[in-house]
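Given next are the chains, with one letter for each unit.
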Amino acid sequence: MNSIPVDLSRLSGLLCVSAPERKTDLDGEVRKDRDGNALWVTGIAVRRAGTRKASVIDVQTSAEPEGVTEGSPVGVTELDVSLWEIEGRHGLSYKAASVYPVRSRTDNRSGSGSAPMPTPPQRERGGKANGS
């Protein structure tokens, strides 16, 4: 299956609408990637910059999205989309290297007037993310 990179600069307002959870098959078994890492899925509302309409996509990651909670702004690294078809059904599948929490620019917890934007977690070989 070929994956197509998504231009994240064309999206705005990324918001977690469904907290990360382990991805399971129909029998309830935890799904794993090719390297044996448990897969996680996070529901994210995305909006194309300059428009009002938002869509919700389920984004799959090999690393647990730590610190991401329902209702929180998020960032995504290396988002790809793939078209799938199985037994006459078809759809889109979204995968990312990481999903991470983002503080808004107006969040003034640090007392400095503007909070720094976090850097995305760095990926180790095998799909695991190191903290931000």
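Let me sum up the structure you'll find in this document. Since the model is a prediction, treat every value here as computed from it, not as a measurement.

### Section: the overall build of the chain
1) Next: Secondary structure summary: the chain contains zero helices and ten strands in total.
2) Next: Mapped in sequence order, the helices and strands of the chain form the string β-β-β-β-β-β-β-β-β-β.
3) Next: Looking at the chain residue by residue over its 132 residues, the buried ones come to 32%.
4) Next: Put simply, of all contacts in the chain between residues at least 6 apart along the chain, 50% involve residues at least 24 apart.
5) Next: Total accessible area on the chain stands at roughly 9100 Å², and carbon and sulfur atoms take up 46% of it.

### Concerning the layout of surface pockets
One way to see where empty space is left: roll a probe the size of a water molecule over the atoms.
1) Next: Of the voids in this model, the largest pocket is the one considered here, and its volume is about 1300 Å³.
2) Next: Surrounding the largest pocket, 32 residues form its lining, Arg31, Leu39, Gln60, Ser93 and Lys95 being those nearest its centre.
3) Next: Taken together, the elements giving at least two residues each to the lining of the largest pocket come down to strand 2 (11–22), strand 4 (54–61), strand 6 (80–86) and strand 7 (89–95).
4) Next: Broken down by class, the residue content of the lining of the largest pocket amounts to nine nonpolar, eight polar and 15 charged.

### Regarding the side chain of Ser72
1) Next: Residue placement: Ser72 occurs in the loop between strand 4 and strand 5 (74–77).
2) Next: Here Thr69 takes part through its backbone oxygen, which lies 2.6 Å from a polar atom of the side chain of Ser72.

Cut-offs and rules
Residues numbered from 1 in each chain as written. Predicted model: local features only at pLDDT ≥ 70, side-chain atom pairs only at ≥ 80, totals over all residues. Heavy atoms only, no water. Helix = DSSP H or I, 4+ residues; strand = E, 2+ residues; numbered from the N terminus. Buried < 20%, exposed > 50% of the residue type's maximum accessible area, 1.4 Å probe, protein only. Contact = heavy atoms within 4.5 Å. Areas by Shrake-Rupley, 256 points an atom, 1.4 Å probe, with all protein chains shown as cover. 1 Å grid on protein atoms, 1.4 Å probe; cavity = no way out; pocket = protein on both sides within 12 Å on 5 of 7 lines; lining within 4 Å. Points joined across faces, edges and corners; volume = space filled by probe spheres on them. Nonpolar A, V, L, I, M, F, W, Y, C, P; charged D, E, K, R; others polar. Polar contact = N/O pair within 3.5 Å; in protein donor to acceptor, adjacent residues only side chain to side chain.

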